[in-house]
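Per-entry structural report
One letter stands for each residue in the lines below.
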Amino acid sequence: MGEAIFGCRGIGISFGTRAILRDVSLEVAPAEVLGLVGPNGAGKTSLFEILCGRYTASAGSVFLDGRDITRLAVHDRARAGLARTYQSPVVPGALTIAETFRAARFSHRPFKTRMDAEWACHLAGFHQPWDRLAGSLDTFDRRKLLLACLLIRKPRVLLLDEPASGLINSEIDELDLIIRRLVDEYRIAAILIEHRLELLSAIADRAVVLDMGEVIATGTPREVFDDPRVLAAYFEAPAHG
Ligand SMILES: Nc1ncnc2c1ncn2[C@@H]1O[C@H](COP(=O)(O)OP(=O)(O)OP(=O)(O)O)[C@@H](O)[C@H]1O
(Lines give C-alpha, C1' and ligand atoms only; values in the text may rest on other atoms or scores of the structure.)
Protein backbone atom coordinates (compact mmCIF):
# COMPACT_ATOMS: atom_id res chain seq x y z
CA MET A 1 0.00 0.00 0.00
CA GLY A 2 1.03 3.66 -0.43
CA GLU A 3 1.12 6.15 2.42
CA ALA A 4 -1.94 5.89 4.64
CA ILE A 5 -4.45 8.72 4.58
CA PHE A 6 -6.69 7.40 7.33
CA GLY A 7 -6.58 4.91 10.16
CA CYS A 8 -6.45 4.23 13.85
CA ARG A 9 -3.91 3.07 16.41
CA GLY A 10 -4.43 1.08 19.59
CA ILE A 11 -8.21 1.50 19.73
CA GLY A 12 -9.99 0.06 22.76
CA ILE A 13 -13.56 0.34 24.01
CA SER A 14 -15.62 -1.39 26.68
CA PHE A 15 -19.35 -1.48 27.28
CA GLY A 16 -19.80 -1.89 31.02
CA THR A 17 -17.18 -4.38 32.11
CA ARG A 18 -17.01 -6.05 28.69
CA ALA A 19 -14.11 -5.17 26.39
CA ILE A 20 -15.47 -4.93 22.83
CA LEU A 21 -12.28 -3.78 21.07
CA ARG A 22 -8.69 -4.21 22.25
CA ASP A 23 -5.62 -2.54 20.72
CA VAL A 24 -7.05 -2.31 17.19
CA SER A 25 -4.90 -0.60 14.57
CA LEU A 26 -5.51 -0.33 10.85
CA GLU A 27 -4.81 2.04 8.00
CA VAL A 28 -5.87 2.65 4.43
CA ALA A 29 -4.19 4.50 1.56
CA PRO A 30 -5.73 6.59 -1.24
CA ALA A 31 -6.96 4.34 -4.09
CA GLU A 32 -7.11 1.32 -1.79
CA VAL A 33 -9.99 -0.88 -0.61
CA LEU A 34 -9.41 -2.31 2.84
CA GLY A 35 -11.79 -5.09 3.81
CA LEU A 36 -12.79 -5.33 7.47
CA VAL A 37 -13.99 -8.86 8.17
CA GLY A 38 -14.84 -10.99 11.12
CA PRO A 39 -17.58 -13.19 12.50
CA ASN A 40 -20.79 -11.71 13.94
CA GLY A 41 -20.11 -9.69 17.06
CA ALA A 42 -16.38 -9.31 16.30
CA GLY A 43 -16.62 -5.53 16.77
CA LYS A 44 -16.59 -4.29 13.17
CA THR A 45 -19.50 -1.87 13.46
CA SER A 46 -18.30 -0.64 16.86
CA LEU A 47 -14.96 0.19 15.24
CA PHE A 48 -16.75 2.15 12.48
CA GLU A 49 -18.65 4.07 15.17
CA ILE A 50 -15.32 5.09 16.69
CA LEU A 51 -13.73 5.91 13.34
CA CYS A 52 -16.60 8.21 12.36
CA GLY A 53 -16.83 9.79 15.82
CA ARG A 54 -20.15 8.47 17.13
CA TYR A 55 -18.49 6.43 19.90
CA THR A 56 -15.58 7.64 22.01
CA ALA A 57 -12.82 5.09 22.39
CA SER A 58 -11.35 4.52 25.84
CA ALA A 59 -7.90 4.09 24.28
CA GLY A 60 -6.12 4.86 21.04
CA SER A 61 -6.28 7.48 18.31
CA VAL A 62 -7.78 8.11 14.88
CA PHE A 63 -5.92 10.02 12.18
CA LEU A 64 -6.86 11.58 8.85
CA ASP A 65 -4.32 13.06 6.46
CA GLY A 66 -1.61 13.24 9.10
CA ARG A 67 -3.88 14.95 11.62
CA ASP A 68 -5.07 13.47 14.92
CA ILE A 69 -8.89 13.61 14.72
CA THR A 70 -9.60 11.49 17.82
CA ARG A 71 -11.43 14.35 19.51
CA LEU A 72 -13.16 15.72 16.44
CA ALA A 73 -16.99 15.58 16.35
CA VAL A 74 -18.82 13.53 13.68
CA HIS A 75 -19.71 16.57 11.55
CA ASP A 76 -16.18 17.95 11.70
CA ARG A 77 -14.82 14.59 10.54
CA ALA A 78 -17.32 14.71 7.66
CA ARG A 79 -16.08 18.20 6.77
CA ALA A 80 -12.53 16.89 6.83
CA GLY A 81 -13.41 14.34 4.14
CA LEU A 82 -14.71 11.26 5.98
CA ALA A 83 -17.99 9.70 4.80
CA ARG A 84 -19.81 6.69 6.20
CA THR A 85 -22.70 4.44 5.17
CA TYR A 86 -24.78 2.25 7.46
CA GLN A 87 -25.81 -1.39 7.35
CA SER A 88 -29.48 -0.49 6.81
CA PRO A 89 -30.08 1.91 3.93
CA VAL A 90 -32.46 4.26 5.75
CA VAL A 91 -33.70 7.01 3.41
CA PRO A 92 -36.11 9.88 4.15
CA GLY A 93 -39.07 7.93 2.79
CA ALA A 94 -41.51 10.85 2.41
CA LEU A 95 -39.06 13.05 0.50
CA THR A 96 -38.52 12.92 -3.23
CA ILE A 97 -35.05 12.17 -4.52
CA ALA A 98 -34.68 15.85 -5.49
CA GLU A 99 -35.60 16.92 -1.94
CA THR A 100 -33.19 14.37 -0.51
CA PHE A 101 -30.36 15.77 -2.62
CA ARG A 102 -31.36 19.29 -1.65
CA ALA A 103 -31.02 18.36 2.02
CA ALA A 104 -27.61 16.81 1.32
CA ARG A 105 -26.48 19.81 -0.73
CA PHE A 106 -27.45 22.29 1.97
CA SER A 107 -26.44 20.21 5.01
CA HIS A 108 -23.42 22.41 5.63
CA ARG A 109 -21.29 25.06 3.98
CA PRO A 110 -20.02 25.36 1.36
CA PHE A 111 -23.43 24.52 -0.17
CA LYS A 112 -23.33 22.28 -3.20
CA THR A 113 -24.98 22.73 -6.57
CA ARG A 114 -27.47 20.62 -8.47
CA MET A 115 -24.63 19.81 -10.85
CA ASP A 116 -22.61 18.39 -7.96
CA ALA A 117 -25.57 16.11 -7.19
CA GLU A 118 -25.88 15.04 -10.83
CA TRP A 119 -22.17 14.22 -10.89
CA ALA A 120 -22.56 12.21 -7.67
CA CYS A 121 -25.49 10.26 -9.20
CA HIS A 122 -23.31 9.40 -12.16
CA LEU A 123 -20.52 8.15 -9.89
CA ALA A 124 -22.90 6.14 -7.72
CA GLY A 125 -24.64 4.60 -10.75
CA PHE A 126 -27.93 6.09 -9.55
CA HIS A 127 -30.32 6.65 -12.44
CA GLN A 128 -33.81 7.11 -10.98
CA PRO A 129 -36.06 10.09 -11.84
CA TRP A 130 -35.72 12.80 -9.19
CA ASP A 131 -39.47 13.19 -8.66
CA ARG A 132 -39.72 9.67 -7.23
CA LEU A 133 -40.16 9.26 -3.49
CA ALA A 134 -37.00 7.99 -1.83
CA GLY A 135 -39.19 5.56 0.10
CA SER A 136 -40.32 3.88 -3.13
CA LEU A 137 -36.77 2.76 -4.05
CA ASP A 138 -35.56 -0.82 -3.71
CA THR A 139 -32.60 -1.69 -1.48
CA PHE A 140 -29.92 -1.24 -4.14
CA ASP A 141 -31.21 2.15 -5.28
CA ARG A 142 -31.51 3.26 -1.65
CA ARG A 143 -27.87 2.33 -1.15
CA LYS A 144 -26.91 4.19 -4.34
CA LEU A 145 -28.92 7.27 -3.33
CA LEU A 146 -27.24 7.40 0.08
CA LEU A 147 -23.84 6.91 -1.53
CA ALA A 148 -24.56 9.71 -4.02
CA CYS A 149 -25.53 12.03 -1.12
CA LEU A 150 -22.08 11.40 0.37
CA LEU A 151 -20.24 11.77 -2.93
CA ILE A 152 -21.67 15.28 -3.42
CA ARG A 153 -18.96 16.48 -1.02
CA LYS A 154 -16.14 14.54 -2.67
CA PRO A 155 -15.01 12.61 0.40
CA ARG A 156 -11.48 11.29 0.55
CA VAL A 157 -12.32 8.33 2.78
CA LEU A 158 -15.41 6.12 2.57
CA LEU A 159 -16.48 3.79 5.37
CA LEU A 160 -18.99 1.31 3.96
CA ASP A 161 -20.83 -0.91 6.45
CA GLU A 162 -21.92 -4.11 4.68
CA PRO A 163 -22.85 -2.36 1.42
CA ALA A 164 -23.69 -5.69 -0.23
CA SER A 165 -26.24 -6.65 2.41
CA GLY A 166 -29.67 -7.36 0.90
CA LEU A 167 -28.38 -7.32 -2.70
CA ILE A 168 -28.57 -10.11 -5.26
CA ASN A 169 -25.45 -11.35 -7.05
CA SER A 170 -25.78 -9.19 -10.18
CA GLU A 171 -26.26 -6.10 -7.97
CA ILE A 172 -23.19 -7.03 -5.92
CA ASP A 173 -21.16 -7.24 -9.15
CA GLU A 174 -22.39 -3.77 -10.14
CA LEU A 175 -21.65 -2.42 -6.66
CA ASP A 176 -18.10 -3.76 -6.86
CA LEU A 177 -17.60 -1.89 -10.14
CA ILE A 178 -18.97 1.33 -8.64
CA ILE A 179 -16.71 1.12 -5.60
CA ARG A 180 -13.68 0.09 -7.65
CA ARG A 181 -14.18 3.07 -9.95
CA LEU A 182 -14.44 5.52 -7.05
CA VAL A 183 -11.26 4.11 -5.62
CA ASP A 184 -9.24 3.77 -8.82
CA GLU A 185 -10.30 6.94 -10.65
CA TYR A 186 -10.91 9.32 -7.76
CA ARG A 187 -8.30 7.87 -5.38
CA ILE A 188 -10.80 7.53 -2.57
CA ALA A 189 -9.65 5.31 0.30
CA ALA A 190 -12.38 2.82 1.25
CA ILE A 191 -12.85 0.59 4.26
CA LEU A 192 -15.57 -1.93 3.66
CA ILE A 193 -17.17 -4.24 6.21
CA GLU A 194 -18.22 -7.59 4.82
CA HIS A 195 -18.46 -10.81 6.75
CA ARG A 196 -18.65 -13.05 3.66
CA LEU A 197 -15.04 -13.83 2.82
CA GLU A 198 -15.76 -14.73 -0.80
CA LEU A 199 -17.35 -11.34 -1.52
CA LEU A 200 -14.46 -9.50 0.00
CA SER A 201 -11.85 -11.35 -2.06
CA ALA A 202 -13.40 -9.89 -5.21
CA ILE A 203 -12.97 -6.26 -4.20
CA ALA A 204 -10.49 -5.75 -1.36
CA ASP A 205 -6.80 -5.02 -1.92
CA ARG A 206 -6.06 -5.91 1.69
CA ALA A 207 -8.07 -7.23 4.57
CA VAL A 208 -8.02 -6.91 8.35
CA VAL A 209 -9.71 -9.68 10.29
CA LEU A 210 -11.25 -8.95 13.66
CA ASP A 211 -12.29 -11.64 16.10
CA MET A 212 -13.67 -10.99 19.56
CA GLY A 213 -12.48 -7.40 19.40
CA GLU A 214 -8.89 -8.09 18.32
CA VAL A 215 -7.08 -8.00 15.00
CA ILE A 216 -6.09 -11.60 14.28
CA ALA A 217 -4.75 -11.18 10.71
CA THR A 218 -3.80 -8.49 8.18
CA GLY A 219 -2.74 -9.02 4.57
CA THR A 220 -4.08 -9.68 1.09
CA PRO A 221 -7.47 -11.46 1.09
CA ARG A 222 -5.75 -14.70 0.04
CA GLU A 223 -3.15 -14.45 2.81
CA VAL A 224 -5.63 -13.77 5.57
CA PHE A 225 -8.22 -16.30 4.46
CA ASP A 226 -5.61 -19.06 4.52
CA ASP A 227 -4.46 -18.01 7.99
CA PRO A 228 -5.18 -20.78 10.53
CA ARG A 229 -6.44 -18.26 13.13
CA VAL A 230 -8.96 -16.88 10.62
CA LEU A 231 -10.12 -20.35 9.60
CA ALA A 232 -10.55 -21.24 13.27
CA ALA A 233 -12.50 -18.03 14.02
CA TYR A 234 -14.84 -18.65 11.11
CA PHE A 235 -15.27 -22.38 10.98
CA GLU A 236 -14.67 -23.81 14.45
CA ALA A 237 -17.77 -23.92 16.63
CA PRO A 238 -17.16 -22.49 20.09
CA ALA A 239 -16.58 -25.24 22.68
CA HIS A 240 -19.53 -25.89 25.00
CA GLY A 241 -19.61 -26.92 28.61
N1 LIG B 1 -23.97 0.27 22.25
C2 LIG B 1 -23.64 -0.96 22.68
N3 LIG B 1 -23.84 -1.31 23.98
C4 LIG B 1 -23.48 -2.53 24.42
N5 LIG B 1 -22.93 -3.50 23.67
C6 LIG B 1 -22.71 -3.20 22.37
C7 LIG B 1 -23.05 -1.93 21.80
N8 LIG B 1 -22.72 -1.94 20.49
C9 LIG B 1 -22.19 -3.16 20.25
N10 LIG B 1 -22.20 -3.91 21.37
C11 LIG B 1 -21.68 -5.27 21.50
O12 LIG B 1 -20.37 -5.26 20.98
C13 LIG B 1 -20.08 -6.48 20.32
C14 LIG B 1 -19.58 -6.16 18.92
O15 LIG B 1 -20.71 -5.69 18.15
P16 LIG B 1 -20.54 -5.11 16.68
O17 LIG B 1 -21.90 -4.78 16.19
O18 LIG B 1 -19.52 -4.05 16.71
O19 LIG B 1 -19.97 -6.39 15.93
P20 LIG B 1 -19.94 -6.70 14.38
O21 LIG B 1 -18.64 -7.36 14.12
O22 LIG B 1 -20.25 -5.47 13.61
O23 LIG B 1 -21.12 -7.75 14.24
P24 LIG B 1 -22.17 -8.00 13.04
O25 LIG B 1 -21.38 -8.66 11.95
O26 LIG B 1 -23.14 -8.94 13.68
O27 LIG B 1 -22.75 -6.68 12.66
C28 LIG B 1 -21.36 -7.32 20.32
O29 LIG B 1 -21.27 -8.25 21.35
C30 LIG B 1 -22.43 -6.28 20.62
O31 LIG B 1 -23.49 -6.87 21.33
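Residues numbered from 1 in each chain as written. Predicted model: local features only at pLDDT ≥ 70, side-chain atom pairs only at ≥ 80, totals over all residues.

1. A look at the site of the ligand
Near the ligand the following residues occur: Phe15, Ile20, Gly38, Asn40, Gly41, Ala42, Gly43, Lys44, Thr45, Ser46 and His195. It is helix H1 (residues 44-52) that contributes the most residues to the shell around the ligand, three residues altogether. Per-class residue counts for the shell around the ligand are three nonpolar, seven polar and one charged. (Near = placed C-beta within 6 Å. Helix = DSSP H or I, 4+ residues; strand = E, 2+ residues; numbered from the N terminus. Nonpolar A, V, L, I, M, F, W, Y, C, P; charged D, E, K, R; others polar.)

2. Some words on the sheet that holds strand S5 (residues 67-68)
Whether parallel or antiparallel, the strands of a sheet pair through hydrogen bonds between backbone atoms. Here we have four strands laid out as an open sheet, ordered S2-S1-S4-S5, and antiparallel in their pairing. Across the chains shown, the open sheet's two edge strands, defined by having one partner strand only, are strand S2 (18-28) and S5. Sheet topology places strand S1 (residues 6-15) next to strand S4 (residues 59-64); five bridges connect them, and they run antiparallel. Note on S4: the bridge partner recorded for Gly12 is Ala59. Packing of H1 onto the sheet brings it into contact with S1, S2 and S4, and relative to S1 it is tilted by some 120°. (Pairing = 2+ DSSP bridges. Contact = placed C-beta atoms within 7 Å. Axes fitted to C-alpha atoms, helices over the stretch in contact; angles between N-to-C directions.)

3. Some words on the domain arrangement of the protein chain
Taken domain by domain, the protein chain comprises domain 1 (1-81 + 155-241) and domain 2 (89-153). Taking only C-alpha atoms, the centre of domain 1 and the centre of domain 2 are 25 Å apart. With four residues, the top contributor of residues to the side of domain 1 that touches domain 2 is helix H6 (residues 169-186). (Domains from an automatic or database assignment.)

4. What to know about H6
Compared with the 26 Å implied by 1.5 Å per residue over 18 residues, the 25 Å span of H6 between its first and last C-alpha is a close match. Taken as a whole, H6 has its buried residues at Leu175, Ile179, Leu182 and Val183. Each buried residue of H6 sits inside an arc of 90° when the element is viewed along its axis, so together they form one side. Within H6, the exposed residues directed more than 90 degrees away from the buried face are Asn169, Ser170, Asp173, Leu177, Asp184 and Glu185. On its buried side, H6 packs onto strand S3 (33-37), helix H4 (114-124), strand S8 (189-193) and helix H7 (197-203). Directly beyond the C-terminal end of H6, a positive phi value near 55° is found at Arg187. (Expected span 1.5 Å × (residues − 1). Buried ≥ 20, exposed ≤ 12 C-beta atoms within 10 Å, placed from the backbone. Arc of directions from axis to C-beta.)

5. Quick word on the pairing of S8
Buried residues dominate S8, accounting for five of its five residues. One ladder, built from four bridges, connects S3 with S8; its direction is parallel. Looking across to S8, one finds that Val33 is bridged to Ala190. Between the parallel elements strand S7 (residues 157-161) and S8, the chain passes through H6 in a crossover that is right-handed. (Right-handed = clockwise from strand over helix to strand, strands pointing away.)

6. Some words on the packing of H4 against helix H5 (residues 139-151)
The geometry of H4 relative to H5 is characterised by a closest axis approach of 8 Å and an angle of 130° between their N-to-C directions. The orientation of H4 with respect to H5, classified from their angle, is oblique. Seen along the crossing, H4 lies across H5 with a hand that is right-handed. On H5, the residues that touch Ala120, Cys121, Leu123 and Ala124 of H4 are Lys144, Leu147, Ala148 and Leu151. Within the contact of H4 with H5, the residues separate by chemical class into seven nonpolar, no polar and one charged. (Parallel < 35°, antiparallel > 145°, perpendicular 65-115°, else oblique. Left-handed = near helix turned anticlockwise from the far one by under 90°.)

7. A short note on the pairing of S4
One ladder, built from two bridges, connects S4 with S5; its direction is antiparallel. Across the sheet, the residue bridging to Leu64 is Arg67, located in S5. Linking two consecutive strands that pair antiparallel, namely S4 and S5, is a turn of two residues; a positive phi of about 55° is found at Asp65 within it.

8. Comments concerning the sheet that holds strand S10 (residues 214-219)
Read from one edge of the open sheet, six strands run S6-S7-S8-S3-S9-S10, paired in mixed fashion. In the strand order of this sheet, the two ends are held by strand S6 (82-84) and S10, each with one partner. Here the strands of the sheet are splayed against their neighbours by 15° on average, with no regard to which way each runs. Contacts from H1 reach S3, S6, S7, S8 and strand S9 (206-211) within the one sheet, and its direction differs from that of S7 by about 150°.

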